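Each chain, written out:
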Amino acid sequence: MNAQLQPTGSAYFITKETESNERRTLAVLVDNEPGVLARVIGLFSGRGYNIDSLTVSETEHEKHLSRITIVTSGTAHILEQLKHQLERIVPVHRVVDLSIIADQRGHDRPMERELALVKVRGRGDNRVEALRLAEAFRAQVIDANTEHFIFEITGRVSKIEQFIAIMTPLGLVEVCRTGVAAMNRGPEGM
Amino acid sequence: MNKAESERAADASAHQEMTGAEIVVQALRDNGVEHIFGYPGGAVLPIYDELFQQDNVRHILVRHEQGAGHAAEGYARSTGKAGVMLVTSGPGATNAVTPLQDALMDSIPLVCITGQVPTTLIGSDAFQECDTVGITRPCTKHNWLVKDVNELAATIHEAFHVATTGRPGPVVVDIPKDVQFAKGSYTPRQTAPRTSYQPQVQGEMEQVKAAIALMAQAKKPVIYSGGGVISAGTEACHLLRELVDLTGFPITSTLMGLGAYPASGANWLGMLGMHGTYEANMAMHDCDVMVCIGARFDDRITGRLDAFSPHSRKIHIDIDPSSINKNVRVDVPIIGDAGRILEDMVRLWRATAKADKSALKPWWTQIDIWRARDSLAYRPNDDVIMPQYAIQRLYALTRDRDVYITTEVGQHQMWAAQHFGFDAPNHWMTSGGLGTMGYGLPAALGVQIAHPEALVIDIAGDASVQMTIQEMSAAVQHNAPIKIFILNNQYMGMVRQWQQLLHGNRLSHSYTEAMPDFVKLAEAYGGHGIRCDKPGELDDAIREMISIDKPVIFDCRVAALANCFPMIPSGKAHNEMLLPDEASDEAVANAIDEKGRQLV
């Protein structure tokens, strides 16, 4: 009581976020029906959550189930909210925080892989160098003529980042990445 | 139609070939719908044609789709059933967005059927086309665009299931016009819901035990209940009362939860939060065990979060897992239906906890000291009607009646919550989460349709009521004798109050210079108008309002500059309330004036 009568500036309580951000990989199992992806990503944009990477495909055709893999970052509190909010979406079956499970099982992080197609254009030394490096990265040539290559590379996000970085000065034309596919080690399912 | 009959009818209609429009009406009947609120238009004409040819579902024509939505919300909140609205495509659907979001935030079961342009035209920017499922996705619990007439019946059944189970909420079923014409088979209601949607209703017994153990040791407990208890049904409200009686705990409630525990009950502290009572907020701040049942720690409730009830262990009962730890960290979360969990708690308390109510005596002594502060007091006035006085008289003169109250949003809403006592659930309809001005008048229409014999009063403000005043015409058409009791102070009172508190008393656009003559307006609509500006004449005027069997607009001229106290100013904690005797109108204006001058 005895609150001082003073302008407090706002109709809402504005506090600064002080917690640090964590990176998490979520696996979301959903009914594959129209609009389901919009519901999931709409939740992220509507509530101000981040999406770093998104991968979607139907994984069980007879049950029409799709698995969405989302790499996101936020404070522990936001990430907990995010999981519950995702679970609240009607066609969502399960949300599993793969990063937490990995942590519980004593692993650094879930198994995460990404595929990228990388087009490089060049002649002469650059062309030879690009091919040599691609071999070192175990990238496959899936299309080529005398002026270009398209490499297919699979691996951890960091490996793909590195490959793209070194291809840039050698005549990088375009890149297409699938986003992260992830699951945890060990015999158990999600 | 009784249950057996309706089941037979459902059997007969099973797998019959019907048009989509026939399927809609049949599905409404099978889901127990007696009334729908709506407005016709090009993309729903087949459904309207079907409605025309039957008598089972009564359609209430409103004047604006927003009115249909709020009327359906009022209908739903006062009956416990789903409210149903029917609107056309494009503007019909976009006008429905406000009530949909309102229902989402207040957890009201609302089924909205929208017409859509024919499937072949979707995406072509056709006349009255909009992306209804896209627009309503974030303001519904779930929505569907039905492109195949054979899926229409099952989708409508699922829509009712989703709207009414778990944490209730609004749903939209968008039906293109060609699907309404197409013939397809009708699927009867099925009990097996989709596998991905399985709300948890039964609380974890271990958690309930932990809660009871915490409550049994409490020296300074408080129960903080919310709209979830009312959504859980009348049985849940009975169990809440039983728990309060058994434990002897004091109880407060959110705006949405008023009536779950009777205002006349001995343990009632009044509403809590920004405009709650001193005793309720102080009890919340000082308690050692908080039992939150069906409430969600909204920012209007908690005040400054880092100073919210700093010394308490918190139990949180909610059917929505995402409500747990959203704003406030709790110690014992219990997910499930409030009624089921209360049943377990009552049983467990009887079996295990020794009810030594004398241990709470010092706590009650402290509460009585806070109560004696009389935080809802105001300075009476013989010359002008004080708004609080008007509500008190309205309450006193309607106590012998089955009275339902709806409100708009603003000062009048808070005064109604503070000064009108609610002894039963489902009798108080207000827009809590979204704070929708214009909610009350159409909501009153919906309540009156559900309860034709009851006295239904919209306690309104002069600004709010003008947002949906056109529904007066709908009330007259449908012989709904709603009473619109306007606390007319010519201001957007709550806006002005915040301008006085926060913005140096610069009353930017919060005064309504051209106010309509509400008496003439009532008469123009075919209703009855009453004006009163003298405290001495108020009782007779209220009696006159009650006695008239048609819609009434009561223009109650109240003290223009009265403000709503007590109040937790923004950024303050529960124990830093602004009390009415410290914050007279003059004091507020003057204090802010000086500060304001310094700022400018």
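Not measured: the values here are computed from a predicted model.

The next thing to look at is the overall build of chain A. Helix and strand content of chain A: five helices and nine strands. Reading chain A from its N end, one meets helices and strands in the order β-α-β-β-α-β-α-β-α-β-β-α-β-β. For a compact globule of 190 residues, the expected C-alpha radius of gyration is about 16 Å, and chain A comes in at 22 Å, more than 25% above that figure. Projected onto its principal axes, the C-alpha coordinates of chain A cover approximately 80 × 50 × 40 Å. Per-residue burial for chain A yields a buried fraction of 27% across its 190 residues.

On to the nonpolar core, then. Burial of nonpolar side chains together is a common tendency in soluble globular proteins. Judged by nonpolar contacts, the single largest core of 209 residues is most densely connected at M85, L110 and L240 of chain B. Of all hydrophobic cores here, the second largest spans twelve residues; its members include A116, A130, F149 and F151 of chain A.

Here we take up the sheet that holds strand 12 (residues 289-293) of chain B. All names here are of chain B. A sheet is described by the order of its strands in space; here six strands give the open sequence 11-10-9-12-13-14, paired in parallel fashion. If you trace the sheet from one side to the other, it starts and ends with strand 11 (268-271) and strand 14 (332-335), each paired once. For this sheet the average axis-to-axis angle between neighbouring strands, irrespective of direction, equals 15°. Direction of pairing for strand 10 (residues 251-253) relative to strand 11: parallel, over a ladder of two bridges.

UniProt feature "domain: ACT" (unreviewed entry): in the numbering of this structure it lies at residues 25-100 of chain A. For residues 25-100 of chain A, helix accounts for 37% and strand for 41%, while the C-alpha atoms at its two ends are 9 Å apart.

On to unusual backbone geometry, then. Residues and elements named next belong to chain B. The peptide bond linking F565 to P566 adopts the cis configuration, its omega dihedral lying at 0°. Positioned with a positive phi, N426 is a non-glycine residue whose angle comes to about 65°. You can see N426 is positioned in the loop between helix 18 (411-419) and strand 16 (428-429).

Residues and elements named next belong to chain A. Domains assigned within chain A are domain 1 (22-104) and domain 2 (111-183). Computed from C-alpha coordinates alone, the two centres of domain 1 and domain 2 are separated by 29 Å. Taken together, the eight residues of domain 1 in the interface contact seven residues of domain 2. For the side of domain 1 that touches domain 2, the element with the most residues is strand 2 (residues 53-60), which contributes three residues. Of the residues belonging to the side of domain 1 that touches domain 2, the class tally is four nonpolar, four polar and no charged.

A separate point is helix 2 (residues 76-88) of chain A. Residues and elements named next belong to chain A. In this model helix 2 runs 19 Å from its N-terminal to its C-terminal C-alpha over 13 residues, within 8% of the 18 Å that 1.5 Å per residue would give. Along helix 2, the residues that are buried comprise I78, L79, Q81, L82, K83, Q85, L86 and R88. The elements touched by buried residues of helix 2 are strand 1 (22-31), helix 1 (36-47), strand 3 (65-74) and strand 4 (92-97).

Moving on, we get to the domain arrangement of chain B. Residues and elements named next belong to chain B. Assigned domains within chain B: domain 1 (3-185), domain 2 (205-372) and domain 3 (387-564). Relative placement of domain 1 and domain 3: their C-alpha centres are 30 Å apart. For the side of domain 1 that touches domain 3, the elements supplying multiple residues, two or more each, are strand 2 (35-38), strand 3 (58-61), helix 4 (65-79) and helix 6 (97-106). Tallied by class, residues from the side of domain 1 that touches domain 3 come to eight nonpolar, twelve polar and five charged.

The subject of this paragraph is the sheet that holds strand 4 (residues 83-87) of chain B. Residues and elements named next belong to chain B. With respect to topology, six strands assemble into an open sheet ordered 3-2-4-5-7-6, the strand pairing being parallel. A single partner strand is all that each edge strand has here, and the edge strands are strand 3 and strand 6 (142-145). In this sheet, neighbouring strand axes are inclined to one another by 20° on average, regardless of whether the strands run parallel or antiparallel. Two elements, strand 2 and strand 4, share two bridges in a ladder whose sense is parallel. Looking across to strand 4, one finds that G38 is bridged to L86. In the packing of helix 4 onto the sheet, contacts are made with strand 2, strand 3, strand 4 and strand 5 (110-116), and the angle to strand 4 comes to roughly 165°.

Reading guide: rules and limits
- Residues numbered from 1 in each chain as written.
- Chains lettered and ligands numbered in written order.
- Predicted model: local features only at pLDDT ≥ 70, side-chain atom pairs only at ≥ 80, totals over all residues.
- Helix = DSSP H or I, 4+ residues; strand = E, 2+ residues; numbered from the N terminus.
- Rg over C-alpha atoms; globule rule 2.2 N^0.38 Å.
- Buried ≥ 20, exposed ≤ 12 C-beta atoms within 10 Å, placed from the backbone.
- Core = buried A, V, L, I, M, F, W, Y, C linked by C-beta atoms within 7 Å.
- Pairing = 2+ DSSP bridges.
- Axes fitted to C-alpha atoms, helices over the stretch in contact; angles between N-to-C directions.
- UniProt positions renumbered as here; feature names shortened; annotations may be inferred.
- Domains from an automatic or database assignment.
- Contact = placed C-beta atoms within 7 Å.
- Nonpolar A, V, L, I, M, F, W, Y, C, P; charged D, E, K, R; others polar.
- Expected span 1.5 Å × (residues − 1).

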